[in-house]
Amino acid sequence: MYGGISTLRDPQSRVPGATKVVNQIAQVADEQLPVEVPRDVEQWVKVDAGVKVGAGVLFALGWFPRLSALALAGSIVPTTLAGHRFWEDTDDEKKFSNQAHFLKNAGLLGGLLIAAVDTEGKPSTSWRVRRSADKAIAKAESRYEKAAKKAEKAQKKASRGRTGRKLKKQAKKVGKEIGLS
């Protein structure tokens, strides 16, 4: 969050490092998307900083942790590629420093991805949906079997000479039991 706030205060300090990454992303996006992606580097730096601040606050407060972790993960990749290009450094000390920061950010990315898929011990949404569907199917099958048995029983009674009033009462009872009325 601190880095995002300082970048929002002075975005121009980050523009030179971000220019290569923004141009590469914009070029690939222009080829893949039907709309043209803006190439204003300062705007992208501000958006990235805003994502870091907003998602960082949400993540720290525990609000929407999976979504905020995913947003931070998406934000850390271009930041790392723009700010820690150790493969371009010729000075050994600067190269070591950038490499250390690059690897630190790679570790943060791994942690953020784990947080993005963490369900806090709860089953996943897809598992809960499948389980609910299976329960609904089993309940419907059970009700159908029960209704079929009762209908068969009513039919046998009707064939033995039951009156119409008794049949209506039996049908109404069966309907209530299976949830039709």
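Residues numbered from 1 in each chain as written. Predicted model: local features only at pLDDT ≥ 70, side-chain atom pairs only at ≥ 80, totals over all residues. Heavy atoms only, no water.

J.: I tried to follow helix H4 (residues 65-83) on my own but got confused; where do I start?
T.: Side chains of residues three or four places apart in an α-helix project in the same direction, reflecting 3.6 residues per turn. For H4, which comprises 19 residues, the first-to-last C-alpha distance of 26 Å matches the rise-based estimate of 27 Å (1.5 Å per residue) to within 8%. For H4, every residue scored as buried is listed here: Ser68, Ala69, Leu72, Ala73, Ser75, Ile76, Thr80 and Ala82. Considering only its buried residues, H4 is in contact with helix H2 (15-32), helix H3 (41-61) and helix H5 (92-117). (Helix = DSSP H or I, 4+ residues; strand = E, 2+ residues; numbered from the N terminus. Expected span 1.5 Å × (residues − 1). Buried < 20%, exposed > 50% of the residue type's maximum accessible area, 1.4 Å probe, protein only. Contact = heavy atoms within 4.5 Å.)

J.: Would you mind going over the packing of aromatic side chains with me for this structure?
T.: For any pair of aromatic rings, the description rests on two quantities: the centre-to-centre distance and the angle between the ring planes. Going through the model one piece at a time under the given rule, you end up with three aromatic pairs. Ring centres of Phe86 and Phe102 lie 5.2 Å apart, and the angle between their planes is 70 degrees; on these two criteria the pair is classed as edge-to-face. Placement of the pair is Phe86 in the loop between H4 and H5 and Phe102 in helix H5, with a sequence separation of 16 residues. Relative accessible area serves as the criterion here: at 17%, Phe86 is assigned to the buried category. An angle of 90 degrees between the planes, with centres 5.9 Å apart, marks the rings of Trp87 and Phe102 as edge-to-face. In this pair, Trp87 sits in the loop between H4 and H5 while Phe102 sits in helix H5, placing the two residues 15 residues apart along the sequence. (Phe/Tyr/Trp six-rings, centres within 6.5 Å; stacked < 30°, edge-to-face > 60°.)

J.: Which parts of the structure should I look at to understand a nonpolar patch on the surface?
T.: Together, Met1, Ile5, Val57, Leu61, Trp63, Phe64 and Leu67 make up an exposed nonpolar region whose accessible area comes to about 750 Å². Tracing the backbone through its elements, the reader meets Met1 in the segment before helix H1 (2-9). Residue class for Met1 comes out partly exposed when judged on its relative accessible area of 48%. (Patch = residues over 30% accessible without salt bridge, like charges linked within 9 Å, V, L, I, M, F, W, Y side chains within 5 Å. Areas by Shrake-Rupley, 256 points an atom, 1.4 Å probe, with all protein chains shown as cover. Salt bridge = Lys/Arg side-chain N within 4 Å of Asp/Glu carboxyl O.)

J.: Can you walk me through the environment of Arg66 in this structure?
T.: In this structure, Arg66 sits in helix H4. When residues no more than four places from it in sequence are discounted, the contact partners of Arg66 are Ala115, Ala116, Val117, Asp118 and Thr119. A distance of 3.4 Å separates a polar atom in the side chain of Arg66 from the backbone oxygen of Asp118. (Polar contact = N/O pair within 3.5 Å; in protein donor to acceptor, adjacent residues only side chain to side chain.)

J.: Explanation requested: the pattern of salt bridges in the structure shown.
T.: Enumeration over the complete set of coordinates arrives at five salt bridges. Where Arg39 meets Asp30, a salt bridge forms, and the shortest distance between an N and an O atom there is 2.7 Å. Residue classification places Arg39 among the partly exposed positions, given a relative accessible area of 40%. In this structure Asp30 comes out as partly exposed when scored by relative accessible area, which is 24%. Here Asp48 ties to Lys52 by a salt bridge, and the two come within 3.0 Å at their closest N and O atoms.

J.: Please explain the environment of Arg131 as it appears in this structure.
T.: As for its placement among the helices and strands, Arg131 is situated in helix H6 (residues 125-159). Separated by 93 residues in sequence, Arg131 and Pro38 have C-alpha atoms that sit 45 Å apart.

By themselves, these are just geometric observations and shouldn't be taken as functional.
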